[in-house]
2 protein chains.
Amino acid sequence: MNHQVLNNLDLTSLLSLSFSASINELHDRLSELGFGDIRPVHGFLFKCITPNGATGIELAEHLGITKQAVSKMVDYLEKSGYVMRRTHPTDKRGKIIVLTERGWLVMKTKEEIIAEIEKRWIENIGAERMQMLKEDLSSLIHEANEDKSLSKVRPVW
Amino acid sequence: MNHQVLNNLDLTSLLSLSFSASINELHDRLSELGFGDIRPVHGFLFKCITPNGATGIELAEHLGITKQAVSKMVDYLEKSGYVMRRTHPTDKRGKIIVLTERGWLVMKTKEEIIAEIEKRWIENIGAERMQMLKEDLSSLIHEANEDKSLSKVRPVW
DNA sequence: AAAATATAGTCAACTTGATTGACTATATTT
DNA sequence: AAATATAGTCAATCAAGTTGACTATATTTT
């Protein structure tokens, strides 16, 4: 697949391919660094947990899946050592899910890798174009979600 | 989620959200127009079938899934009236999967919707910025896949 | 030409990550 | 105080993928 072909793709396909490329690079690097048990969806979950923890239902809404599915995901992440269930400070029905030290480590590592990727891309297209790219993508997301509620940030399709 | 928040997201998250927004809008519109039985992955399959049909193995490589999974997907799409299995002209082991009239109709409809979406986005950010956006995304994809083979266009994560 | 090997597709059994429904314990509203 | 709503979990099911086994046809080797 060469540059010429790419230029003729519609925007949706370009977004799909570029997202795919970046998320794959991120997780390949995470794997190399010993975080092979983390999947992309976990990153979206961690983002909602930080900085102060979150309840299962908050996570479910954030990810756009059921609370039962979140419960299983948390089982897995707890077993793998990334999160802990704490009793909720005020609501005895609830629990609050927080990151362990390893959870914080993977977040920090992820940010470093993403910074590396962005840096390489800036070298490629220049800082101004990168800034414009981010602004334009933000506008598009903003505009597309004007009407809807949008608290779900999980990229489902 | 407001504009300010979006501007502070990393590029990977922005790509995820914008892809998600566009693919969701596309499929919401397709649903309204009576194509509610089509999922995003089917679009990637159709793209490989057109214009001259494709074998199961070609589709499997294109999508990055097994030939058995493709076979099931084709079962579904054949039952739903979008594709047909034809005997392969030269290889009696093989079959060639082609679009039905309804298959062509959904492709045409899809292109119209995508054109609408792009048009609206051009009204939003301007034609020049849209052109730059596409160029930059193309560069990024191109650069990210320099080393790899990349014939898979399915956005897996 | 015959035999050995490779390839295209399908069937069946299994895995994974989601779903819906039922339940317990605690909160909130009436 | 009673009725209802909410947070979380357990169990059964579903959907979309996987691996492994098989048939029929092609291709390669001897």
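Above this text sits the structure in question.
Everything quoted here is computed from the prediction, not taken from an experiment.

J.: Can you explain the protein's contact with DNA strand D? Please cite residues and give values.
T.: Around DNA strand D sit 23 residues in total, of which Lys67(A), Ser71(A), Arg93(A), Thr66(B) and Lys72(B) are the nearest. The sugar-phosphate backbone supplies 56% of the atoms of DNA strand D found within 4 Å of the protein. A distance of 3.4 Å is found between a sugar or linking oxygen of DNA strand D and a side-chain nitrogen or oxygen belonging to Arg93(B). Among the elements of the structure, α4 (56–63) and α5 (67–79) of chain A together with α5 (67–79) of chain B are those that each provide at least two residues to the surface near DNA strand D. Grouping the amino acids of the surface near DNA strand D by side-chain chemistry returns 4 nonpolar, 8 polar and 11 charged.

J.: Give me the lowdown on empty space enclosed by the protein, citing residues and values where you can.
T.: For the structure on display, the rule yields 2 cavities of 30 Å³ or more. Around the largest cavity, the lining comprises 19 residues; the ones closest to its centre are Ile23(B), Leu26(B), Pro40(B), Gly43(B) and Lys110(B). Elements with a minimum of two residues in the lining of the largest cavity: α2 (11–32) of chain A together with α2 (11–32), α3 (40–49) and α6 (101–125) of chain B. Residue composition of the lining of the largest cavity, grouped by class: 11 nonpolar, 5 polar and 3 charged. One number sums up the size of the second largest cavity: a volume of about 150 Å³.

J.: Help me get a handle on unusual backbone geometry, residues and values and all.
T.: Thr50(A) connects to Pro51(A) through a cis peptide bond whose omega is 0°. Position of Pro51(A) among the secondary structure elements: in the loop between α3 (40–49) and α4.

J.: Describe the packing of α3(A) against α4(A), and please don't skip the residues or the numbers.
T.: All names here are of chain A. Close contact between α3 and α4 brings their axes to 10 Å; oriented N to C, the two are set at 130°. If you check the angle between α3 and α4, you find them oblique. With respect to the hand of their crossing, α3 and α4 are arranged in right-handed fashion. Here α3 contributes Val41, Phe44, Leu45, Cys48 and Ile49 to the contact with α4, which in turn contributes Glu58, Leu59, His62 and Leu63. Each residue belonging to the contact of α3 with α4 can be placed in one class, and the counts come to 7 nonpolar, 1 polar and 1 charged.

J.: Mind laying out the protein's contact with DNA strand C, listing which residues take part and the relevant values?
T.: Taken together, 23 residues lie around DNA strand C, and Thr66(A), Lys72(A), Lys67(B), Ser71(B) and Arg93(B) are the ones closest in. Gln68(A) has a polar side-chain atom sitting 2.8 Å from a base oxygen of DNA strand C. Within the contact set of DNA strand C, a phosphate oxygen lies 3.2 Å away from a backbone nitrogen or oxygen of Gly56(B). Those elements that place two or more of their residues in the surface near DNA strand C are α5 of chain A together with α4 (56–63) and α5 of chain B. Counted by class, the surface near DNA strand C contains 4 nonpolar, 8 polar and 11 charged residues.

Thresholds, definitions, all that
Residues numbered from 1 in each chain as written. Chains lettered and ligands numbered in written order. Predicted model: local features only at pLDDT ≥ 70, side-chain atom pairs only at ≥ 80, totals over all residues. Heavy atoms only, no water. Near = heavy atom within 4 Å. Polar contact = N/O pair within 3.5 Å; in protein donor to acceptor, adjacent residues only side chain to side chain. Helix = DSSP H or I, 4+ residues; strand = E, 2+ residues; numbered from the N terminus. Nonpolar A, V, L, I, M, F, W, Y, C, P; charged D, E, K, R; others polar. 1 Å grid on protein atoms, 1.4 Å probe; cavity = no way out; pocket = protein on both sides within 12 Å on 5 of 7 lines; lining within 4 Å. Points joined across faces, edges and corners; volume = space filled by probe spheres on them. Axes fitted to C-alpha atoms, helices over the stretch in contact; angles between N-to-C directions. Parallel < 35°, antiparallel > 145°, perpendicular 65-115°, else oblique. Left-handed = near helix turned anticlockwise from the far one by under 90°. Contact = heavy atoms within 4.5 Å.

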